[in-house]
Amino acid sequence: MVNLTRIYTKTGDGGTTALGDMSRASKTDSRIGAYADVDEANSVLGIALSTGSLDADVSALLLRIQNDLFDVGADLCTPLQGGGSDGPALRVDAGYVTFLEEQCDRFNEGLEKLRSFILPGGSQAASFLHLARTVIRRAERSTWTALEEHGETMNELTAQYLNRLSDLLFILARSANGSSGDVLWQPGANR
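Residues numbered from 1 in each chain as written. Predicted model: local features only at pLDDT ≥ 70, side-chain atom pairs only at ≥ 80, totals over all residues. Heavy atoms only, no water.

Asks: I'd like a rundown of the overall build of the protein, residues and numbers included.
Replies: Check the secondary structure of the protein and you find 5 helices and 4 strands. When its helices and strands are written in sequence order, the protein yields β-β-α-α-α-β-α-α-β. Going through the 191 residues of the protein one by one, you find that 40% of them count as buried. Long-range pairs, those at least 24 residues apart, make up 72% of the contacts in the protein with a sequence separation of at least 6. Of the accessible surface of the protein, which amounts to about 10,800 Å², a share of 52% is contributed by carbon and sulfur atoms. (Helix = DSSP H or I, 4+ residues; strand = E, 2+ residues; numbered from the N terminus. Buried < 20%, exposed > 50% of the residue type's maximum accessible area, 1.4 Å probe, protein only. Contact = heavy atoms within 4.5 Å. Areas by Shrake-Rupley, 256 points an atom, 1.4 Å probe, with all protein chains shown as cover.)

Now the structure itself:
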């Protein structure tokens, strides 16, 4: 259980922050950047949800994903001890990735086949889902950077989760455009 009695602590005023194991890291550390990008993407999902225009099943899925993104952030901020899945720390496992793959298949099934690249846009909710997708892509890149730097002290499944999530958000953005359809790219249209 989390009990936040005070929001400001002043412990980060010197340019460091506490990791999940209570060790300290620079606020410019790649691990911190990775979970900050995850937090930003989660916030964009909140904006997409706030439009109130998403189908109930999509809204329920996005709420679950928001919660799972907190799990990803917890995993990213807590170093592995001994280079493997360890102890009571919250870790992303293969089930998180499999769930996203199942949702990709589920929601993609009803969409028209793509015959062109699409522009990020359409409805307001779709636009926010596209924005969340791009922030998730950045979070994935940040996570791979942190994995390269911190190696065995991080869980690679976090990056795989983010990769699948960006795919799912692309599909959900298409779904959110509904009958109005995708905004298609027209190569060289303005030459």
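Asks: Describe the packing of aromatic side chains, with residues and values.
Replies: Within this structure, the stated rule accounts for 2 aromatic pairs. With 6.2 Å between their ring centres and 80° between their planes, Tyr-96 and Tyr-161 make a pair best called edge-to-face. With a gap of 65 residues between them, Tyr-96 in helix H3 (residues 94-108) and Tyr-161 in helix H5 (residues 157-176) connect regions that are remote in the sequence. According to the relative accessible area criterion, Tyr-161 is buried, its value standing at 0%. In this structure, Arg-64 is placed above the aromatic ring of Phe-99, and the distance from its NZ or CZ to the ring centre is 3.5 Å. (Phe/Tyr/Trp six-rings, centres within 6.5 Å; stacked < 30°, edge-to-face > 60°. Lys NZ or Arg CZ within 6 Å of the ring centre and 35° of its normal.)

Asks: I'd like a description of the nonpolar core, backed by residues and values.
Replies: Grouped together as the largest cluster of nonpolar side chains are 46 residues, with contacts concentrated most on Leu-62, Ile-65 and Tyr-161. Elements with a minimum of two residues in this core: helix H1 (30-50), helix H2 (56-77), H3, helix H4 (124-150) and H5. (Core = buried A, V, L, I, M, F, W, Y, C linked by side-chain atoms within 4.5 Å.)

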